[in-house]
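Descriptive analysis of the structure
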Amino acid sequence: MESRLKKTKSRNFADKHHEFMAEAEKEAIKGFNDGGIPVGAVLVKNGEIIGRGHNQRIQHDSAILHAEMACLENAGRMNADDYKNCTLYTTLSPCDMCSGAIILYQIPIVVMGENENFKGPEAHLEDHGIHLLNLNLDTCKKLLKSYIQDHSQQWNEDIGI
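Attention in this report is confined to the structure presented alongside it.

Calculation rules
Residues numbered from 1 in each chain as written. Predicted model: local features only at pLDDT ≥ 70, side-chain atom pairs only at ≥ 80, totals over all residues. Heavy atoms only, no water. Buried < 20%, exposed > 50% of the residue type's maximum accessible area, 1.4 Å probe, protein only. Helix = DSSP H or I, 4+ residues; strand = E, 2+ residues; numbered from the N terminus. Pairing = 2+ DSSP bridges. Core = buried A, V, L, I, M, F, W, Y, C linked by side-chain atoms within 4.5 Å. Contact = heavy atoms within 4.5 Å. Axes fitted to C-alpha atoms, helices over the stretch in contact; angles between N-to-C directions. Polar contact = N/O pair within 3.5 Å; in protein donor to acceptor, adjacent residues only side chain to side chain. Salt bridge = Lys/Arg side-chain N within 4 Å of Asp/Glu carboxyl O.

1. Comments concerning the pairing of strand β1 (residues 40-45)
β1 sits mainly inside the fold: five of its six residues count as buried. Sheet analysis places β1 next to strand β2 (residues 48-54), joined by six bridges and oriented antiparallel. Residue pairing for β2: Gly40 is matched across the bridge by His54. A loop of two residues connects β1 with β2, the two strands running antiparallel in sequence, and Asn46 in this loop sits at a positive phi of about 50°.

2. Looking at the nonpolar core
With 28 residues, the main nonpolar core has Leu43, Leu88, Ile102, Ile107, Leu144 and Trp155 as its most contacted residues. Mapped onto this core, the elements with two or more residues apiece are β1, α2 (67-75), β3 (86-90), α4 (96-104), β4 (109-112) and α6 (138-150). Leu88 has contacts with Ala41, Val42, Leu43, Glu68, Cys71, Ile102, Ile107, Ile109, Val110 and Val111, leaving out every residue within four places of it along the chain. Of all hydrophobic cores here, the second largest spans 10 residues; its members include Phe20, Val111, Leu135 and Cys140.

3. So, the sheet that holds strand β5 (residues 131-134)
Across a sheet, strands are paired by hydrogen bonds formed along the backbone, either parallel or antiparallel in direction. Pairing in this open sheet of five strands is mixed, and the strands run β2-β1-β3-β4-β5 from one edge to the other. The sheet is open, and its two edges are formed by β2 and β5, each paired on a single side. The mean inter-strand angle of the sheet, taken between neighbouring strand axes irrespective of direction, is 15°. Here four bridges tie β3 to β4, and the two strands are oriented parallel to one another. Within the sheet, the bridge partner assigned to Thr90 lies in β4 and is Met112. Contacts from α2 reach β1, β2 and β3 within the one sheet, and its direction differs from that of β2 by about 135°.

4. With respect to the side chain of Asn115
Counting through the fold element by element, Asn115 comes out in the loop between β4 and α5 (122-127). Polar contacts involving the side chain of Asn115 include one to the side chain of Glu122, which spans 3.1 Å. Within the structure, Asn115 has its side chain in polar contact with the side chain of Asn134 (distance 3.1 Å). Apart from residues lying up to four places away in sequence, Asn115 is in contact with Ser93, Glu122 and Asn134.

5. A few points about the pattern of salt bridges
Tallied over the full model, the rule gives eight salt bridges. Measuring nitrogen to oxygen at the nearest pair gives 3.0 Å for the salt bridge that ties Lys26 to Glu23. Linking Lys26 with Glu23, this pair stays in helix α1 (residues 2-33), spanning three residues, or about one helical turn. The exposure class assigned to Glu23 is buried, which follows from its relative accessible area of 16%. In this structure, Arg52 engages Glu27 in a salt bridge whose closest nitrogen and oxygen atoms are separated by 3.7 Å. Residue Arg52 is found in strand β2, and its partner Glu27 is found in helix α1; the two are separated by 25 residues along the sequence. The partly exposed category is assigned to Arg52, whose relative accessible area is 31%. The exposure class assigned to Glu27 is buried, which follows from its relative accessible area of 8%. Beyond isolated ion pairs, a larger network of salt bridges with shared partners links Glu23, Lys26, Glu27 and Arg52.

Listed below in structure tokens is the structure:
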């Protein structure tokens, strides 16, 4: 009985990860449809989405509006302890800038859709006690890979090449 209960809890936990990642993917598609780079993120606290964002560097001629940064901005000001009860879902491994914000606010868990198209400083995040979970989703990989092939100049600018 206990084994079955653990499997049910694990499946529900995994289902929640996929549910929230689907919301991050919706943000990525929204960004792409708005003429931007298809990366999306959602911030979850106590099982509720409290912030959403997508990469808006192109749309707003911004140096910093990556999906994770936009998501944090849209979540609004919070008490430092509130961030410690959050999970950040992002369709792509966070870059150095976004990783810095994750570390600064001590967001303990980052769930990413993939890290093949770009791999941020994951070891650095882990060194700061951040738990990383890579869902390794084909949907996230294909969306960004297609964008990179068709818009390599914008992509290279976004990641600092």
